[in-house]
Amino acid sequence: MPRPILATVHTGALRHNLERARRSALEARVWAVVKANAYGHGIERVYEGLRGADGFALLDLAEAERVRALGWRGPVLLLEGVFDARDLELCSRLDLWHTVHCDEQIDMLAAHKTLKPQRVFLKMNSGMNRLGFTPERFGSAWTRLNALTQVDEISLMTHFSDADGARGIAHQLATFERATRDLPGERSIANSAATLRHAEQTRGDWVRPGILLYGSAPDFPEHDAAHWQLQPTMTLSTQIISVQTLKAGDTIGYGSRFTAQGPLTIGIAAVGYADGYPRHCDSGTPVLVNGVRTHMVGRVSMDMITVDLTNVPDAKFGSEVTLWGKSAKTGAVLPIDEVAKAAGTIGYELMCAVAQRVPFADPAPTEGR
Ligand SMILES: *Cc1c(COP(=O)(O)O)cnc(C)c1O
């Protein structure tokens, strides 16, 4: 038997979360953001749940090819645009829409020989200071693009740095609106946090939710996934492979990080940092055993963690352990955001970091179609 660790993707939850995005987006169309292999879930595994989207947004050309190979004929958007002039040939062949965020990309387009003009999303740097033309240069970039026979429709986009937090979006939104006032074209500005928190001002023609589709709250801990009515789309589970009974003064694991204050029963679960479970999780990180909430004690090892079994007296060799997601046994949910917080990070990173050696379950037939 293989090691009991397993990741499971929940098609029904993906569908539910996409509907949740649609409720906020109203008449706007929805890009399902599936970059980073669908936030670690696997593009092929999320496709069934997300095919109700209006398009797929990603940034790796090989991932765009995979979306086409699944039979998707609708829009596909490259969020960082092309990296090399040859990429434009693939854009033509696969009918990919692409972001244009710098002069070099306009140069490549101007030199590109194509029969069919390409749809582009012109990106403004409205304050994030990563990609995009500054508001001052945006109009001239638009004019230059608009003059190219290689270019079809031009849409306008920007990206928020603080849609999830206190600073908010007002400063960037005002900048974007001022600099695009006289330009035609569809708008795309909202990520998950803006879609949920600032829907009124930001939905535009296309919203670009990523993390919310995967059931993680973009503004945790201010709000949790339940607050936004999101369901977990990934469960990471394993089993207890040993039980130890400790007495007062006994220590656990490397560095003797944890000392039992009295008699204590602990379970050893087959998951470690080599599976992508964050080593920064320390004693107190929540874990479900048989669907009952308990917590880690001691350090995360490469292949094992240790959990307090005090309130799970029936736990034994083979008992179900849920690291995040949903217990198959009771349906109890452990939000990935809580585990991420215990590790000093965000849900995004945990989903993306599930290690290659972790097998994914085949989708359950009841959930599949
Ligand atoms: C990743 C990304 C998104 C989605 O962000 P979430 O916070 O996951 O919703 C939207 N737009 C762009 C340009 C992105 O790179």
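Residues numbered from 1 in each chain as written. Predicted model: local features only at pLDDT ≥ 70, side-chain atom pairs only at ≥ 80, totals over all residues. Heavy atoms only, no water.

Draft legend 1. Representation of the side chain of S216 within the structure. Structurally, S216 can be placed in the loop between β9 (206-207) and β10 (234-246). Of note is the side chain of S216, whose polar atom sits 2.5 Å from the side chain of D337. Discounting chain neighbours no more than four positions away, the residues touching S216 are I211, L230, I336, D337, G347 and M351. (Helix = DSSP H or I, 4+ residues; strand = E, 2+ residues; numbered from the N terminus. Polar contact = N/O pair within 3.5 Å; in protein donor to acceptor, adjacent residues only side chain to side chain. Contact = heavy atoms within 4.5 Å.)

Draft legend 2. Fine view of the site of the ligand. Neighbouring the ligand are 13 residues; K35, Y39, S192, I211 and Y348 lie closest to it. In this structure, R208 approaches the ligand through a side-chain N or O atom, which is 2.8 Å from a nitrogen atom. Computed on the free molecule, the ligand has an accessible area of 380 Å², of which 92% lies beneath the protein chains in the complex. More than half of the atoms belonging to the ligand lie within 2 Å of the grid points that define the largest pocket. Each residue belonging to the shell around the ligand can be placed in one class, and the counts come to 6 nonpolar, 4 polar and 3 charged. (Near = heavy atom within 4 Å. Areas by Shrake-Rupley, 256 points an atom, 1.4 Å probe, with all protein chains shown as cover. 1 Å grid on protein atoms, 1.4 Å probe; cavity = no way out; pocket = protein on both sides within 12 Å on 5 of 7 lines; lining within 4 Å. Sits in = over half its atoms within 2 Å of the grid points. Nonpolar A, V, L, I, M, F, W, Y, C, P; charged D, E, K, R; others polar.)

Draft legend 3. Local environment of the pattern of salt bridges. Applying the stated rule across the entire model yields 20 salt bridges. Close ionic contact of R51 with E48 constitutes a salt bridge, the shortest N to O distance being 3.4 Å. Linked by salt bridges that have partners in common, R3, D275, D303 and R357 make up one network. (Salt bridge = Lys/Arg side-chain N within 4 Å of Asp/Glu carboxyl O.)

Draft legend 4. Expanded view of the domain arrangement of the protein. Segmenting the protein into domains produces domain 1 (11-214) and domain 2 (234-361). Computed over C-alpha atoms, the centres of domain 1 and domain 2 are 37 Å apart. Contact with domain 1, which involves 7 residues of that partner, is made by 5 residues of domain 2. For the pair domain 1 and domain 2, the summed buried area comes to about 670 Å², and 73% of that belongs to carbon and sulfur atoms. For the domain 1 face of the interface with domain 2, the top three residues by lost area are Y39, H41 and I211, together amounting to 57%. Viewed at the interface, domain 2 and domain 1 are joined by 0 salt bridges. When its residues are assigned to classes, the side of domain 1 that touches domain 2 shows 4 nonpolar, 2 polar and 1 charged. (Domains from an automatic or database assignment. Buried area = accessible area lost by both parts, 1.4 Å probe.)

Draft legend 5. How the structure looks around empty space enclosed by the protein. According to the stated counting rule, one finds 1 cavity of 30 Å³ or more in the structure shown. Quantified by volume, the largest cavity comes out at close to 40 Å³. Looking at the largest cavity, the residues that line it are K123, M124, N125, M128, R130, L131, T158 and H159. (Points joined across faces, edges and corners; volume = space filled by probe spheres on them.)

Draft legend 6. The layout of surface pockets, seen in detail. In this structure, the largest pocket spans a volume of roughly 800 Å³. Lining the largest pocket are 37 residues, and of these K35, Y39, H159, N191 and Y348 sit closest to its centre. The computed volume of the second largest pocket comes to approximately 320 Å³. Lining the second largest pocket are 18 residues, and of these T8, H10, T235, K326 and A328 sit closest to its centre. Within the residue set of the lining of the second largest pocket, elements represented by two or more residues are β1 (6-9), α1 (11-25), β10 and β17 (320-326). With 4 residues, β10 is the single largest residue contributor to the lining of the second largest pocket. A breakdown of the residues in the lining of the second largest pocket according to their chemical character gives 5 nonpolar, 10 polar and 3 charged.

Draft legend 7. Seen up close, unusual backbone geometry. Backbone torsion omega between F220 and P221 reads 5 degrees, so that peptide bond is classified as cis. Mapped onto the secondary structure, P221 falls in the loop between β9 and β10. Residue N129 is not a glycine yet carries a positive backbone phi of 60 degrees. Its place among the elements puts N129 in the loop between β6 (118-124) and α7 (135-146). Exposure remark for N129: the relative accessible area of 58% places this residue in the exposed category. (Buried < 20%, exposed > 50% of the residue type's maximum accessible area, 1.4 Å probe, protein only.)

Draft legend 8. How the structure looks around the packing of aromatic side chains. Here the structure, examined in full by the defined rule, presents 10 aromatic pairs. Here W31 and W97 contribute two aromatic rings whose centre-to-centre distance is 5.8 Å and whose plane-to-plane angle is 85 degrees, an arrangement assigned as edge-to-face. Of this pair, W31 sits in strand β2 (residues 29-33) while W97 sits in strand β5 (residues 97-100), and the two are 66 residues apart along the sequence. Residues W31 and W97 agree in their burial class; the two are buried. Against the face of F360 rests R45, its NZ or CZ located 3.9 Å from the ring centre. Seen from the ring of W97, R119 lies directly overhead, with NZ or CZ sitting 4.1 Å from the centre. (Phe/Tyr/Trp six-rings, centres within 6.5 Å; stacked < 30°, edge-to-face > 60°. Lys NZ or Arg CZ within 6 Å of the ring centre and 35° of its normal.)

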